[in-house]
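Examination of the molecular architecture
The residues making up each chain are set out below.
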Amino acid sequence: MPELPEVETTCRGIRPYVVGCKVSSIVVRQPKLRWPIPESLHELEGQKVLSVKRRAKYILLESAKGTAILHLGMSGSLRVIDVDLAPEKHDHIDIIFATGKAVRLHDPRRFGAVLWTREDPLQHKLLSHLGPEPLSDDFNAALLYQVSRSRKVAVKQFIMNAKVVVGVGNIYASESLFMAGISPKISAGRISLARYKTLANAIKIVLTRSIEQGGTTLRDFVQAEGKPGYFQQQLNVYGRAGEACTVCGTQIKQISQGQRSSFYCSNCQK
DNA sequence: AAAGACACCTGTCCGC
DNA sequence: TGCGGACAGGTGTCTT
């Protein structure tokens, strides 16, 4: 499911029901996620949530005692529900608020995570080595150009590397490269500064537009209030192998790069 | 240091 | 209808 736009959509969706609200209890039905859910997570009980922040694809629920770090993995979603709504299969955790609402984590594949830290969450081992946010000014062509020199990896895998830039997952990597007219197969180190300007701009536009549409729902992503995203209607290449390019009509190709599928138009992207 | 393979887990879809 | 295999939005870890 979630790349940056879906995580951002989720944060915006839960924020009104969470910020300033007191956590009355936390129910863990399945502690075996990517890592075991720590017992210390219960330190959030009795605390007021001070903020909901996002860093990369991590969701941070901050309190005076510490911060819950959530990740949605490949198939996770958070929904705001009434506390008495019966849980269904794969509803692993409820963070229950004194308001009578709860945030419920649903994650069939259990690649997601829920962690707890008493320190600055940005110093957490999982967050401290991440690259810049793609929608910030720290992410730009100069950075891509500089970091890519002498790198032989394909540009598609390069922009999906969270040490280079966070939040660009498999869908938006393909879509951004299409918008920029760059083949996913080109070595990152052989791309000019001018082309990286086009690419950095494309990444920002694609992610921003997707956030505006509530993200992309391929199978099971839902926003906090249960609605799907709508950006999938604007996908030009992802999942469209064999179909006609929306620009030139050439058949969209699918290849495998780094064990992930890539989609591109061999005529529009060089 | 960089790149590639693999691991985690469940559900779905496709071909036979 | 059933079964095996491939594949799916992520990313840490281990091996070359």
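Figured I'd write up the structure that's included with this text. (Residues numbered from 1 in each chain as written. Chains lettered and ligands numbered in written order. Predicted model: local features only at pLDDT ≥ 70, side-chain atom pairs only at ≥ 80, totals over all residues. Heavy atoms only, no water.)

**A few points about the sheet that holds strand β5 (residues 77-82)**
The following threshold applies: Only strands joined by at least two bridges in the DSSP assignment are considered to pair. Labels follow the DSSP assignment, with helices taken as runs of H or I lasting at least four residues and strands as runs of E lasting at least two, numbered in each case from the N terminus. Axes here mean lines fitted to C-alpha atoms, for a helix over just the part in contact, with angles spanning 0 to 180 degrees between N-to-C directions.
The strand order β1-β6-β7-β5 describes an open sheet built from 4 strands, whose pairing is antiparallel. Both edges of this open sheet fall to β1 (23-28) and β5, since each of them pairs with a single strand only. Here the average twist between neighbouring strands, direction ignored, is 20°. Alignment of strand β6 (residues 91-97) against strand β7 (residues 101-106), held across 5 bridges, turns out to be antiparallel. The residue bridging D91 from the neighbouring strand is H106, located in β7.

**Remarks on the protein's contact with DNA strand B**
Heads up, the rule is: Whether a residue is near a molecule or strand is decided by its heavy atoms; if any one of them lies within 4 Å of it, the residue is near. What qualifies as a polar contact is a pair of N or O atoms within 3.5 Å, subject to a donor-acceptor requirement within protein and to the restriction that residues adjacent in sequence count only when both atoms come from side chains. Ten residues, namely Ala, Val, Leu, Ile, Met, Phe, Trp, Tyr, Cys and Pro, are considered nonpolar, four, namely Asp, Glu, Lys and Arg, are considered charged, and the remaining ones, Gly among them, are considered polar.
In the neighbourhood of DNA strand B, the contacting residues comprise K89, H90, P108, R109, R110, F111, R151, K152, V153, Q157 and Q259. In DNA strand B, atoms within 4 Å of the protein come from the sugar-phosphate backbone in 63% of cases. Interatomic distance of 2.7 Å between a side-chain N/O atom of H90 and a phosphate oxygen of DNA strand B. Interatomic distance of 3.4 Å between a backbone N/O atom of P108 and a sugar or linking oxygen of DNA strand B. Per-class residue counts for the surface near DNA strand B are 3 nonpolar, 3 polar and 5 charged.

**A short note on the layout of surface pockets**
The following threshold applies: Throughout, the protein atoms alone are placed on a 1 Å grid, and a set of points is a cavity if a 1.4 Å probe fits but cannot get out or a pocket if it is open with protein on both sides within 12 Å along at least five of seven lines; lining residues have an atom within 4 Å of a point. Grid points are joined across faces, edges and corners, and a volume is the space filled by probe spheres set on the points.
Here the largest pocket is characterised by a volume of approximately 1100 Å³. Together, 37 residues line the largest pocket, and P2, K57, G73, M74 and R260 are the ones closest to its centre. Partitioned by chemical class, the residues of the lining of the largest pocket number 18 nonpolar, 11 polar and 8 charged. Empty space within the second largest pocket amounts to approximately 260 Å³. Surrounding the second largest pocket, 15 residues form its lining, R79, E88, D91, R104 and H106 being those nearest its centre. Take the lining of the second largest pocket: its biggest share by element is 3 residues, from β5. The residue makeup of the lining of the second largest pocket, split by class, is 6 nonpolar, 4 polar and 5 charged.

**Some thoughts on the state of the cysteines**
Going by this rule: The disulfide criterion is simple: two cysteine sulfur atoms within 2.5 Å. Per-residue accessibility, obtained with a 1.4 Å probe over protein chains only, is compared with the maximum for each type, and a residue is labelled buried under 20%, exposed over 50%, and partly exposed between these values.
Within the structure shown, the criterion is met by 0 disulfides. With no disulfide of its own, C21 lies closest to C11 among cysteine sulfurs, the gap being 15 Å. In this structure C21 comes out as buried when scored by relative accessible area, which is 12%. Left unpaired, C248 is separated from the closest cysteine sulfur, that of C265, by 3.6 Å. Look at C248 and you get partly exposed, because its relative accessible area is 31%.

**Some thoughts on the side chain of S63**
Test applied: In what follows, a contact means two residues having at least one pair of non-hydrogen atoms within 4.5 Å.
Its place among the elements puts S63 in the loop between β3 (58-62) and β4 (67-71). For S63, a relative accessible area of 9% translates into the label buried. Reaching out from S63, the side chain makes a polar contact with the backbone nitrogen of K65 at a distance of 3.2 Å. At 2.8 Å, the side chain of S63 and the backbone oxygen of G66 are in polar contact. Setting aside anything within four residues of it in sequence, one finds S63 in contact with L44, Q47, K48, L50 and W116.

**Structural notes on the packing of helix α1 (residues 4-18) against helix α5 (residues 193-212)**
Short version of the rule: What sets the label is the angle itself: under 35 degrees gives roughly parallel, over 145 gives roughly antiparallel, 65 to 115 gives roughly perpendicular, and the rest give oblique. Definitions for this section: a left-handed crossing has its near helix turned counterclockwise from the far helix by less than a right angle. A right-handed crossing has that turn clockwise.
The contact between α1 and α5 brings their axes to 9 Å, and the two run at 40°. Classified by the angle between their axes, α1 and α5 sit oblique to one another. You can see that α1 and α5 cross each other, and the crossing is right-handed. Within the contact between the two elements, α1 uses L4, P5, E6, E8, T9 and R12 and α5 uses L207, S210 and I211.

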